[in-house]
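# Overview (structure and organization)
So the chains spell out like this:
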Amino acid sequence: MGSDAAAAVTLPEWASTPCIMGIDEAGRGPVLGPMVYGCLYCARSYEKTLSTLNFADSKTLKEEKREELFESLKADQSIGWAVDVIDPRELSAKMLRKHKINLNEISHDSASGLVKRVLNMGVLLAEVYVDTVGDPEKYRVKLSERFPSIKFVVAKKADSLYPVVSGASIAAKVTRDRALREWVLDETYKDIGRKFGSGYPGDPDTKAWLEQHKHRVFGFPSLVRFSWGTCNSYFKDGVEVLWEADRDEEDIGSSNGKRQLKLSNFGVTTSKKKKEEEVESSGKGRCKFFETRQLEQLADF
């Protein structure tokens, strides 16, 4: 009983008995692709059987084994599962906004969202086991305050301690791997490559891909998490940003009216590169980022 079909499926009888659920994530560290939170739930009475299904921390399993276990849990009518796929653009937007939302908070909200989703389906959740993000006790208290009727167990390495979390780990990892493998790049210009590796900053394929696909003004394709510190080293020669809206805002609050806010190391052109970049920013097709995003220069708004 997966997340996509759950709303249309009649709940099995076991869902109205006390149930347990595990929550884990995949893709917290990579600079490419989505972060995925997954959950697996079943009747408490099924817990002993669950421990015989050979679920394990997904990071300790080969891809073929993870795929095999994922297919088996999907076919098991005594198990339910769901995933939350968080787009890299959403991660970057939240982490780079003026009032930043850090990765821990994004993670906590995703886990809470899965609990709420399963409860709203009518599943009688009694216990939830969570692989921690941040301090385990603070996280447990936070979840308990949101869902006082549920007993929460939050622990480090929960994916290797509790089979129900191991199963959630597999659902999350396989979903992320498939998402990355099948990712439809918004930027479809002919020279873009798909050999981007695992997405982890230390992966040679990932590093080579980032180097090949950086742009001095627009940064990276939307597959990349711009908010990751990993990106900074690729833009030592990037164009400095002077955002007009931020400049105007600073002018209003500045005593001398001359202060300008620099948001990042690439974006709108500076005078040094003005002539060169004006050609690209004209919207006439010289810049592939304008072409692929179908951006045009507008005189009136």
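Residues numbered from 1 in each chain as written. Predicted model: local features only at pLDDT ≥ 70, side-chain atom pairs only at ≥ 80, totals over all residues. Heavy atoms only, no water.

To be explicit about the condition: UniProt positions are given in the numbering used here, feature names are shortened, and annotations may be inferred rather than shown by experiment.
For the protein, an unreviewed UniProt entry supplies the name Ribonuclease and the organism Linum trigynum. Note on the protein: under the UniProt heading Function (unreviewed entry), the record states "Endonuclease that specifically degrades the RNA of RNA-DNA hybrids." Regarding the protein, the UniProt comment filed under Sequence similarities (unreviewed entry) reads as follows: "Belongs to the RNase HII family. Eukaryotic subfamily."

### A word on helix α8 (residues 204-212)
Defined as follows: Three exposure classes are used, based on accessible area relative to the maximum for each residue type with a 1.4 Å probe and protein chains only: buried under 20%, partly exposed in between, and exposed over 50%. Numbering of helices and strands runs from the N terminus, with a helix taken as a DSSP run of H or I at least four residues long and a strand as a DSSP run of E at least two residues long. This arc is built from the directions going out from the helix axis to the C-beta atoms. Two N or O atoms form a polar contact when they lie within 3.5 Å of each other; inside protein one atom must be a possible hydrogen donor and the other a possible acceptor, and for residues adjacent in sequence the pair counts only when both atoms belong to side chains.
Every buried residue of α8 is accounted for by Thr206, Trp209 and Leu210. On an axial view of α8, the arc spanned by its buried residues comes to 100°, and they lie on one face. Pointing more than 90 degrees away from the buried face of α8 are the exposed residues Pro204 and Gln212. In this structure Asp203 caps α8, since a side-chain oxygen of it lies 2.8 Å from the backbone nitrogen of Asp205.

### Looking at the UniProt feature "binding site: a divalent metal cation" (unreviewed entry) in the protein
Worth spelling out the cut-off: Any two residues whose heavy atoms approach within 4.5 Å are treated as being in contact.
When the UniProt feature table is mapped to this numbering, "binding site: a divalent metal cation" (unreviewed entry) covers Asp24, Glu25 and Asp131. The greatest C-alpha distance among the residues just named is 8.0 Å, despite their covering 108 residues of sequence, which places them together in space. With respect to the helices, strands and loops of the structure, Asp24 is situated in strand β1 (residues 19-26). The exposure class of Asp24 is buried, given its relative accessible area of 1%. For Asp24, the residues in contact, after removing those within four places along its chain, are Val36, Tyr37, Gly38, Asp131, Asp159, Val165, Ala168, Ser169 and Ala172.

### Re the sheet that holds β1
Just so we agree on the cut-off: Two strands are counted as paired when DSSP detects at least two bridges linking them. Only C-alpha atoms enter the line fits that serve as axes; for helices the fit covers just the stretch in contact. Angles between N-to-C directions range over 0 to 180 degrees.
Taken together, 5 strands build an open sheet; the order of strands is β3-β2-β1-β4-β5 and the sheet is mixed. Here the strands that pair on one side only, and so sit at the sheet edges, are β3 (79-86) and β5 (151-155). On average, adjacent strands in this sheet sit at an angle of 15° to one another, irrespective of strand direction. Relative to strand β4 (residues 125-131), β1 runs parallel, the two sharing 5 bridges. Counterpart to Ile23 in the pairing with β4 is Val130. Together, β1, β2 (35-43), β3, β4 and β5 form the strand contacts of helix α4 (residues 103-121), whose direction differs from that of β2 by roughly 35°.

### A few points about the packing of aromatic side chains
Stated precisely, the cut-off is as follows: Each Phe, Tyr or Trp ring, with Trp reduced to its six-membered ring, pairs with another whose centre is within 6.5 Å; inter-plane angles below 30 degrees give stacked pairs, above 60 give edge-to-face pairs, and intermediate values give tilted ones.
In this structure the tally under the stated criterion is 6 aromatic pairs. Centroid distance Phe147 to Phe152: 6.2 Å. Interplanar angle 45°. Geometry classified as tilted. Residue Phe152 is classed as buried on the basis of its relative accessible area, which comes to 5%. A ring pair is formed by Phe220 and Phe226, whose centres lie 6.3 Å apart and whose planes are at 70°; its orientation type is edge-to-face. Taking relative accessible area as the criterion, Phe220 reaches 1% and is therefore assigned buried. By relative accessible area, which is 23% here, Phe226 ends up partly exposed.

### A few points about the environment of Phe196
Tracing the sequence through the fold places Phe196 in the loop between α7 (163-181) and α8. Linking Phe196 and Ala208, residues 12 residues apart in sequence, is a C-alpha distance of 7.7 Å. Phe196 has contacts with Leu32, Leu180, Asp205, Thr206, Trp209 and Leu223, leaving out every residue within four places of it along the chain.

### A few points about the nonpolar core
If you look at soluble globular proteins, the nonpolar side chains tend to sit buried side by side. This is how the line gets drawn: Each nonpolar core is a collection of buried residues, namely Ala, Val, Leu, Ile, Met, Phe, Trp, Tyr and Cys, held together in the definition by side-chain atoms within 4.5 Å.
Judged by nonpolar contacts, the single largest core of 47 residues is most densely connected at Met21, Ile23 and Leu125. Considering each element in turn, this core owes the most residues, 6 residues, to α4. Dropping the residues within four chain positions of it, Met21 is found in contact with Cys39, Leu40, Tyr41, Leu114, Val115, Val118, Leu125, Glu127, Val128, Tyr129 and Val164. Within the second largest apolar cluster, 26 residues are counted, among which are Phe55, Leu73, Trp81 and Val174.

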